Amino acid sequence: MSKEPIAVVGVGQTKHTAARRDVSIAGLVREAALRALEDAELTWADIDAVVIGKAPDFFEGVMMPELYLADALGAVGKPMLRVHTAGSVGGSTALVAANLVAARVHRTVLTLAFEKQSESNAMWGLSLPIPFQQPLLAGAGGFFAPHVRAYIRRTGAPAAIGSLVAYKDRRNALRNPYAHLHEKDLTLEKVQASPMLWDPIRYSETCPSSDGACAMVLADRAGAARAPRPPAWVHGGAMRSEPTLFAGKDFVSPRAGQDCAADVYRQAGITDPRREIDAVEMYVPFSWYEPMWLENLGFAAEGEGWKLTESGVTGIDGDLPVNPSGGVLSTNPIGASGMIRFAEAALQVRGRAGEHQVEGARRALGHAYGGGSQFFSMWLVAAEPPAG
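From a predicted model like this one, the values you see are computed outputs, not experimental measurements.

Asks: Give me the lowdown on the packing of helix H3 (residues 89-102) against helix H13 (residues 334-350), citing residues and values where you can.
Replies: It is the contact of H3 with H13, at a shortest axis distance of 5 Å, that shows an interaxial angle of 60°. It follows that H3 is oblique to H13 by the angle criterion. Between H3 and H13, the residues in contact are Val89, Gly90, Gly91, Thr93, Ala94 and Leu95 and Gly335, Gly338, Met339 and Phe342, respectively. By residue class, the composition of the contact of H3 with H13 is 5 nonpolar, 5 polar and no charged.

Pasting the structure below:
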């Protein structure tokens, strides 16, 4: 039996900011969910199941929050699943929900991811104490900086590439009313003059700490036919993982990322991603990861990713716009960051991305990664339903 086609019929986000002290966690997730339901013109009664995800519970110190959030999300008496795959969890959560529709287990599923980082300290939560880790780094940036340096040595990329990515994404964020950082007076020179945090990653080349949530309503073919607005159709989706450390691991271009992308392209019938995909929402928490992931995902040959960035190909008006929403460099509620990438890809092919809409976008890739470059989740969405 063939799989049921999956359509994104509703998308909702909160306004992402450093601290949403006006709402509880329950209020935060309900805000995003209500906006997704409004976009789909559905009610809580129309939802068959809820799939929720977030980053580690110790970030906020609330263990298994899904148990008390069921009430806020209309899930009392309905199936509710919790997903966790570190920073890629927003993408993985969307894929779990999509699979429930594809398998015809449920017809309409609400999927949601969130983080309230103002009630935590993720940087120190990710800095393990002695004896579990040597005191040589602080936060995720300290872990990933050596991998960035390895990429620079391997490819000979100029030092300015990271600043170009950060400046591009922060400028894109000015077009996105939901983005956390709106730095209207930012210049490339200011990015390059910002303090060095983890060589070669500067302060303005790293992601913020955000409060926020993102939700989507996924439906089957019949649900898509009833939708008041054009849906985004899921043409391919996959998850892959690998250990944090193993002999021969390539931290610059992890095998799990390559395999995940290849599976998505196979499902979607993509043979030349550089030419066949119109927009990419890529998980870039530190600016140098744009050229690194361009190579990992097959958009550029090994050692050539930085050249796409430098030449302007990844700009919002370029041949391959990357992160027209502003990306993780502008908005980072960790648990939701991956789902925002998936949702923004869906908005692009629905023609509902507002001022950061890529003209003529018909196919878009949503990408997320997490852990020590070990968890990957991706989907490819399109304006037309899949064949068959």
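Asks: Which residues make up the UniProt feature "domain: Thiolase C-terminal" (unreviewed entry) in the protein, and what values go with them?
Replies: UniProt marks residues 243-372 with the feature "domain: Thiolase C-terminal" (unreviewed entry), using the numbering shown here. Between the C-alpha atoms that bound residues 243-372 the distance is 8 Å, and the span itself is 38% helix and 8% strand.

Asks: Can you tell me about the layout of surface pockets, naming the residues and giving the values?
Replies: Estimated volume of the second largest pocket: approximately 480 Å³. Residue assignment for the lining of the second largest pocket shows that the elements contributing at least two residues are H3, strand S8 (232-241) and helix H9 (255-268). The leading source of residues in the lining of the second largest pocket is S8, at 6 residues.

Asks: Tell me about the sheet that holds strand S4 (residues 108-116), and please be specific about residues and values.
Replies: If you trace the 9 strands from one edge of the open sheet to the other, you get S3-S2-S4-S7-S1-S8-S11-S10-S9, paired in mixed fashion. Bordering the open sheet on either side are strand S3 (80-83) and strand S9 (279-281), each of which pairs with just one other strand. Averaged over neighbouring strand pairs, the angle between their axes works out to 25° when direction is ignored. By the bridge criterion, 4 bridges tie strand S2 (residues 49-54) to S3 in an arrangement that is parallel. What sits directly across from Val51, in S3, is Leu81.

About the criteria used
Residues numbered from 1 in each chain as written. Predicted model: local features only at pLDDT ≥ 70, side-chain atom pairs only at ≥ 80, totals over all residues. Heavy atoms only, no water. Axes fitted to C-alpha atoms, helices over the stretch in contact; angles between N-to-C directions. Helix = DSSP H or I, 4+ residues; strand = E, 2+ residues; numbered from the N terminus. Parallel < 35°, antiparallel > 145°, perpendicular 65-115°, else oblique. Contact = heavy atoms within 4.5 Å. Nonpolar A, V, L, I, M, F, W, Y, C, P; charged D, E, K, R; others polar. UniProt positions renumbered as here; feature names shortened; annotations may be inferred. 1 Å grid on protein atoms, 1.4 Å probe; cavity = no way out; pocket = protein on both sides within 12 Å on 5 of 7 lines; lining within 4 Å. Points joined across faces, edges and corners; volume = space filled by probe spheres on them. Pairing = 2+ DSSP bridges.

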